[in-house]
Amino acid sequence: MSTTWSVDEHLEDILAAVRPLDPIELQLPDAQGCVLVEDVTVPVALPPFDNSSMDGYAVRVADVTGATEEFPAVLTVIGDVAAGDGGLPTVGPGQAARIMTGAPLPPGAEAVVPVEWTDGGTGGGAATAMRPAGRAPEGASGEVRVHRPAPARAHVRARGSDVQAGDLALEAGTVLGPAQIGLLAAIGRGTVRVRPRPRVVVLSTGSELVQPGEELGPGRIYDSNSFVLAAAARDAGAIAYRVGAVTDDAQTLRATIEDQLIRADLLVTTGGVSVGAYDVVKEALSSVGDGDGDGDGDGEEDGPAGGVDFRRLAMQPGKPQGFGSVGPEQTPLLALPGNPVSCYVSFELFVRPAIRALMGLPDLHRPRARAVLAAGGPLSSPAGKRQFLRGRYDAEAGTVTPVGGAGSHLIAALAHADALLDIPEDTTTVEPGTELDVVLIG
């Protein structure tokens, strides 16, 4: 392997070391966002019985044939059928049962006439609601006038019209969103076997960092990277824990990482991976393989064990990167640059695929598209480096327009970008009208 790694080589190294999390059984409320690891079949038909799709009256077809406003069909109301009722009245000739939406179709009934087609039991014209049961003689009796005919099965949801028993409800690999959780509940599943959402711990490093909401003193900047990374991790499907900024002290960083291992499936740091005198992440973790993490070779376990390799990538932004594992469980750790744009681009290229791999998903990457560079001055790109520029993608026009400059500290433009222009290593100039590969991040 050469001293300088390509983007693809670095990503391949990460994915080779990341394994999907072991499946667990979770209650439905806890399974949202998780990946199903088993096919789920339907144990009972949905709906499990014929039921009404309207508030109205359950009737026999023959009794309402030919009914009009002038000559309504007058039927005897024999009772009420509400959702959840078990004992159902039998509808005979000349009879009707008041029925509510979702209630089972009673024996003898062949259709449902909406209440708007009747007088609602009031003895008057067309109704908008039924007479309450308590107002009818003997609680639910009385008469109803039906002003329109109804064909067989009108306004009846047939048993099994949604899914039949034995049908495949959801297949393994499905990410459980609200609709999938609802289907599982509807077919009676209280628990489900899934790969859990990865727990991602995010740490920013730098004594200059101040948390938003605090006073910004001289030489200080607000910590934005940890917020960006935590939000991006959640967007990728993970549970994110954001740790407050760690000062430029290697021992403090090692202790913080060790404390966080108990709740981490993946650790992500930002800052301190270059060649400066205060690049604390590199100092703290590049020698953890000696057994104690302090690089003194005494072999005493006073820090996270494992090994983190720091490398240079042929990319811009995001040249300095680190990857390895720490702790007794060999928890993966990705060390990202501290410049905001470098940090975010690195997340999209390396951390997001790692999170998706932990979830056991086949689609690890953001979708891509081919787009034509919109009119304007030509773009320049450094020779031998794969450059990722922010842009706005117009799907209808098939074009992409650069947003902001190439500086890795220019975070404002990032908030207005929905794509990354992917310029190959061997390209130094991109003229307007040139077709490019773009990563869709919006």
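This write-up is about the structure you can find in this document.

### Notes on the sheet that holds strand S3 (residues 35–36)
Hydrogen bonds along the backbone pair up the strands of a sheet, which may run parallel or antiparallel. Across the sheet, which stays open at both edges, the 3 strands sit in the order S2-S13-S3 with antiparallel pairing between neighbours. The sheet terminates laterally at strand S2 (24–27) and S3, the two strands that pair on one side only. Where S2 meets strand S13 (residues 191–195), 4 bridges bridge the pair, whose relative direction is antiparallel. Pairing of Leu26 across the sheet is with Val192, part of S13.

### Focus on the environment of Arg153
Its location among the elements puts Arg153 in the loop between strand S10 (143–146) and strand S11 (156–157). It is 9.1 Å that separates the C-alpha atoms of Arg153 and Ala109, two residues lying 44 residues apart in sequence. Setting aside its immediate chain neighbours within four residues, Arg153 contacts Asp50, Leu105, Glu110, Ala111 and Ala158.

### Quick notes on the nonpolar core
Counting 43 residues, the largest nonpolar core has Leu266, Phe350 and Ile355 as the members making the most contacts within it. Where this core is concerned, the elements lending two or more residues are helix H1 (7–17), strand S14 (199–205), helix H4 (225–236), strand S18 (266–270), strand S22 (331–336) and helix H7 (340–359). In this view, Phe350 contacts Val7, His10, Leu11, Ile14, Leu313, Met315, Gln321 and Leu334; residues no more than four positions away in its chain are not counted.

### Comments concerning the pairing of S14
The buried fraction of S14 is high, at 6 of 7 residues. Looking at chain direction, S14 and strand S17 (residues 239–246) are connected through 6 bridges and run parallel. Opposite Thr205, over in S17, you have Val246 as the bridge partner. Sheet topology note: the S14/S18 ladder contains 5 bridges and is parallel. Bridge pairing links Val202 to Val268 in S18.

How each quantity is defined
Residues numbered from 1 in each chain as written. Predicted model: local features only at pLDDT ≥ 70, side-chain atom pairs only at ≥ 80, totals over all residues. Heavy atoms only, no water. Pairing = 2+ DSSP bridges. Helix = DSSP H or I, 4+ residues; strand = E, 2+ residues; numbered from the N terminus. Contact = heavy atoms within 4.5 Å. Core = buried A, V, L, I, M, F, W, Y, C linked by side-chain atoms within 4.5 Å. Buried < 20%, exposed > 50% of the residue type's maximum accessible area, 1.4 Å probe, protein only.

Geometric values such as these leave the question of function open.
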